[in-house]
Amino acid sequence: MNKRGAVGEEPLFEQIIFIILNVLFIAVLMTFVSSASDGTGVYEQSYSKQIALLIDQAKADTNIIVNMEKAVEIANKKSWQRDKIVQIDELGKQIIVRLAPNGGYVMHYFSGYNVSIKGDLNNSDVLVLEVKDAN
Amino acid sequence: MCLFLKLKMLTKKGERYLSPWWFFVLALIGAGIVGGVLMFYSAHIDLRSVEADILAGRVLDCLDSNGFVLTEYNTANFDIFKTCGFSREAFSSGNLFFFKVNLSDSSGNSVRVMSAGPMSFDKDCDVGASTKAKSYPVCATRTVSILYLDKGILKEGSLTVKAGSNQQGGRVGAI
């Protein structure tokens, strides 16, 4: 009787392991896909390129207004400080957009004008950049 | 069906579910999904042609003053960076941006040529335009008819601006 019972239990145990492994596999895959598909990297890239091109195109004494609604939404989701989303390195003439703590995207601009962030992303979804003549 | 029966026979008793084939199929599906997602979401946005066009436009905007070349352009101490509001550092380091301005007379002879950035871009642009070369710069060329002063005489000529960009952008690590 015992022998029969042992043989009968084997497939059931195997089935349980099989189901657990399948669920685990699907869970890991879903986590990966959902974390990759929020588009953080793509948004970082597109925002930094858009802002760099706007700076390059701007004439002196211009204010550039960029809608950062999606960027702010992602940053909030990733618990990232809103005031650190856009950083301008005046010396290196580069703009860095970070929507998450684990990295960002950098773009250079060729404009020699002084560029500074005028608005505060903590209070609004709009980024205001001030372009002034360096002379 | 035949293959399935063979596989079923090959798997030992008690390995109907956790067979090596199952793990293989799982790995294959996983790799396919991960690869597909990574390929889709790591899309690169190439804006070099737009950047080159903006640069050419800005140089032209700066040097063309209502159909006349800026009078300072033909002087020896003309500083294009200061006059046009370009960053000297952006053109001298990183091999990212380039422009070449050629003022020529009505018969096509160069009166004054001025350039900034890596000179290799001048030739690389032609290579990049004729072949599919990802790491070669992308350029834009603009030409306008223009009037200029040569030893006090007003002459007609053309101003050609060739601008190039090879900026791909890049990811930076955590702070």
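Owing to the predicted nature of the structure, the values given are computational and were not obtained by experimental measurement. (Residues numbered from 1 in each chain as written. Chains lettered and ligands numbered in written order. Predicted model: local features only at pLDDT ≥ 70, side-chain atom pairs only at ≥ 80, totals over all residues. Heavy atoms only, no water.)

Visitor: Lay out the overall build of chain B in plain terms, naming residues and giving numbers.
Guide: Counting its secondary structure elements, chain B contains six helices and seven strands. Counting helices and strands in the order they occur from the N terminus, chain B gives α-α-α-β-β-α-α-β-β-α-β-β-β. Here the C-alpha radius of gyration of chain B, 29 Å, is well above what a compact globule of 175 residues would show, namely 16 Å. In terms of overall dimensions, chain B has C-alpha extents of about 100 × 40 × 25 Å along its principal axes. Out of the 175 residues in chain B, the part that is buried amounts to 33%. Taking as baseline every contact in chain B between residues at least 6 positions apart, the subset at least 24 positions apart corresponds to 58%. Carbon and sulfur atoms form 60% of the exposed surface of chain B, whose accessible area is close to 10500 Å². Positive and negative side-chain charges in chain B, numbering 19 and 15 respectively, have mean positions lying 18 Å apart. (Helix = DSSP H or I, 4+ residues; strand = E, 2+ residues; numbered from the N terminus. Rg over C-alpha atoms; globule rule 2.2 N^0.38 Å. Buried < 20%, exposed > 50% of the residue type's maximum accessible area, 1.4 Å probe, protein only. Contact = heavy atoms within 4.5 Å. Areas by Shrake-Rupley, 256 points an atom, 1.4 Å probe, with all protein chains shown as cover. Lys, Arg positive; Asp, Glu negative; His and termini not counted. Charge placed at Lys NZ, Arg CZ, Asp CG, Glu CD.)

Visitor: Would you mind going over the confidence of the model for chain A in detail, with residue names and values included?
Guide: Scored by pLDDT, chain A comes out at a mean of 88, with 92% of its residues at no less than 70. Low pLDDT, under 50, characterises residues 1-5 of chain A; the predicted model gives this stretch zero contacts beyond four residues in sequence or across chains. (pLDDT = per-residue confidence, 0-100.)

Visitor: Describe the packing of aromatic side chains, listing the residues and the values that go with them.
Guide: Under the definition given, this model contains 15 aromatic pairs over all chains. Centroid distance Phe110 of chain A to Phe91 of chain B: 6.2 Å. Interplanar angle 50°. Geometry classified as tilted. Note that Phe110 of chain A is positioned in the loop between strand S4 (103-108) and strand S5 (114-117) and Phe91 of chain B in helix H5 (residues 88-92), a pairing that runs across two chains. With relative accessibility at 0%, the residue Phe110 of chain A sits in the buried group. Note on Phe40 of chain B and Tyr41 of chain B: the rings are 4.9 Å apart at their centroids and 85° apart in plane angle, and the pair reads as edge-to-face. In textbook terms, an aromatic cluster arises when at least three aromatic residues are bridged by ring pairs, as seen for Phe110 of chain A together with Phe81, Phe86, Phe91, Phe97 and Phe99 of chain B. (Phe/Tyr/Trp six-rings, centres within 6.5 Å; stacked < 30°, edge-to-face > 60°.)

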